[in-house]
Amino acid sequence: MTVPEPGPGQILIKVEAAGVAFNDISTREGLNPGTLPDVLGFDVVGHIEKVGSGVEDVTVGQRVGALVGTGGYATYVLAASHRAAPLPDDHPAEELDALVLNYLTAWQMFHRTAKPAPGQAVLVIGAAGGVGSALCQIARAAGAEVYGTSSRARRARVEANGATWVPDAAAVPVLVAATFDPIGGPSLARSRRATQRSGVVVSYGFSFAVGAGYSKAGALTRTIGALVRAKLSPGARVAMHVVERAVDRDTAGFRADMTALVEQLRAGALKPEVTTLPLDRAAEAHRRLENREVDGKLVLIP
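Under an unreviewed UniProt entry, the protein has the name Quinone oxidoreductase and belongs to Actinoplanes couchii.

Structure (structure tokens):
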């Protein structure tokens, strides 16, 4: 096995847990910008084996969670040091990995983008999934009234996270202050109709295109078209959230968010549901995620 060497500003992580995300699937299907990577895998937890020149904010031997973008399905992975946050050694790696992408994304969208006041209502589209379930828990901990959509088969999962289940956005009995939408494209119009004019729809994905046979250009055209229509028509504003951009823009904020998430995990306010598979069953992990057969976070263990 060839172990890569960290370059300037990079760290080498020995991986304990590698998350599986819808981003991996859309990358595999050629829907994301850029060329196809040799190895998929957006987020990992592990210990630092080596650091490259100029790295002073993390140290060898430290346990970290990192957003690597690609390459996470491996025993060793390189990461930019500013995309890594220290993590405690006394929690299971797979549970911490749920914080690194799913809960971080949910936390930033709720507390940094939407910022609803306690008592206000919010709507979580896809509330039984990884980020959706994290959003329900974070919103409940913040005192929001939470509505969540899912299939009827997954209703109990939504309700277990403290949300009121609804079959779709049109069934919410009140206009909400914020809607969190991972589907994108045509879903944004439905989400805006469920949201107060003074509110916000936070868009953080385009799962409408996964498995639908769209080309990269086709998916991009539909995504841009939906955003343009939202901007030109009256109603709730739409805010796009891309977690890696948020981390690159504010490393200190990213690490503060991770610290807050670990504290809430210790306090029992957050309870990640994690399914693990061996790393060599990554193809099965993708099939299960695409078929909506996984509640919470799916993690590969080298």
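Asker: What is the right way to look at the sheet that holds strand β8 (residues 164-166) in this model?
Answerer: What links the strands of a sheet is backbone hydrogen bonding, and the strands pair in either a parallel or an antiparallel sense. Spatially, six strands are ordered β8-β7-β6-β9-β10-β11 in an open sheet, and the strand pairing comes out parallel. The open sheet is flanked by β8 and β11 (237-240), the only strands paired with a single partner. Recorded for the sheet is a direction-independent mean angle of 20° between the axes of neighbouring strands. The strands touched by helix α3 (residues 130-141) within the sheet are β6 (121-124), β7 (145-149) and β9 (176-181), with β6 carrying the most contacts at an inclination of about 165°.

Asker: In this structure, what is going on with the packing of helix α2 (residues 93-114) against helix α8 (residues 251-267)? I would like to understand it.
Answerer: When two helices pack together, their arrangement is given by the angle between their axes and by how far apart the axes lie. With their axes 9 Å apart at the nearest point, α2 and α8 run at an angle of 110° to one another. In terms of their interaxial angle, α2 and α8 are classed as roughly perpendicular. For the crossing formed where α2 meets α8, the hand is right-handed. Residue-level inspection shows Glu95, Leu96, Leu99, Val100, Tyr103, Leu104, Trp107, Gln108 and Arg112 of α2 in contact with α8, the latter providing Gly253, Phe254, Asp257, Met258, Ala260, Leu261, Val262, Gln264 and Leu265. Here the residues of the contact of α2 with α8 are counted per class, giving twelve nonpolar, three polar and three charged.

Asker: Where do I start with unusual backbone geometry in this structure?
Answerer: For residues besides glycine, phi is generally negative; the peptide bonds are generally trans as well. Here the phi dihedral of lysine 115 falls at roughly 50°; this positive angle occurs in a residue that is not glycine. The topology assignment puts lysine 115 in the loop between α2 and β6. The exposure class of lysine 115 is exposed, given its relative accessible area of 57%. At arginine 292, a residue that is not glycine, the phi angle is positive and equals roughly 55°.

Asker: How should the environment of arginine 237 be read in this particular structure?
Answerer: Among the secondary structure elements, arginine 237 is positioned in strand β11. Arginine 237 gets classed as partly exposed once you look at its relative accessible area, which sits at 49%. Placed ten residues apart in sequence, arginine 237 and leucine 227 show a C-alpha to C-alpha distance of 9.7 Å. With near-sequence residues (within four places) excluded, arginine 237 lies in contact with Thr113, Gly199, Val200 and Val201.

Asker: Help me understand the side chain of arginine 192, please; the structure alone is not making it clear to me.
Answerer: By the secondary structure assignment, arginine 192 is in helix α5 (residues 187-193). Notably, arginine 192 is buried but unbridged: the nearest opposite-charge side chain belongs to aspartate 181, and the N-O separation is 9.9 Å. Polar contacts involving the side chain of arginine 192 include one to the side chain of serine 233, which spans 2.8 Å. Excluding residues that lie within four positions of it along the chain, arginine 192 makes contacts with Val201, Arg229, Ala230, Ser233, Pro234, Gly235, Ala236 and Val238.

Each value, and the rule that gives it
- Residues numbered from 1 in each chain as written.
- Predicted model: local features only at pLDDT ≥ 70, side-chain atom pairs only at ≥ 80, totals over all residues.
- Heavy atoms only, no water.
- Pairing = 2+ DSSP bridges.
- Helix = DSSP H or I, 4+ residues; strand = E, 2+ residues; numbered from the N terminus.
- Axes fitted to C-alpha atoms, helices over the stretch in contact; angles between N-to-C directions.
- Contact = heavy atoms within 4.5 Å.
- Parallel < 35°, antiparallel > 145°, perpendicular 65-115°, else oblique.
- Left-handed = near helix turned anticlockwise from the far one by under 90°.
- Nonpolar A, V, L, I, M, F, W, Y, C, P; charged D, E, K, R; others polar.
- Buried < 20%, exposed > 50% of the residue type's maximum accessible area, 1.4 Å probe, protein only.
- Lys, Arg positive; Asp, Glu negative; His and termini not counted.
- Salt bridge = Lys/Arg side-chain N within 4 Å of Asp/Glu carboxyl O.
- Polar contact = N/O pair within 3.5 Å; in protein donor to acceptor, adjacent residues only side chain to side chain.

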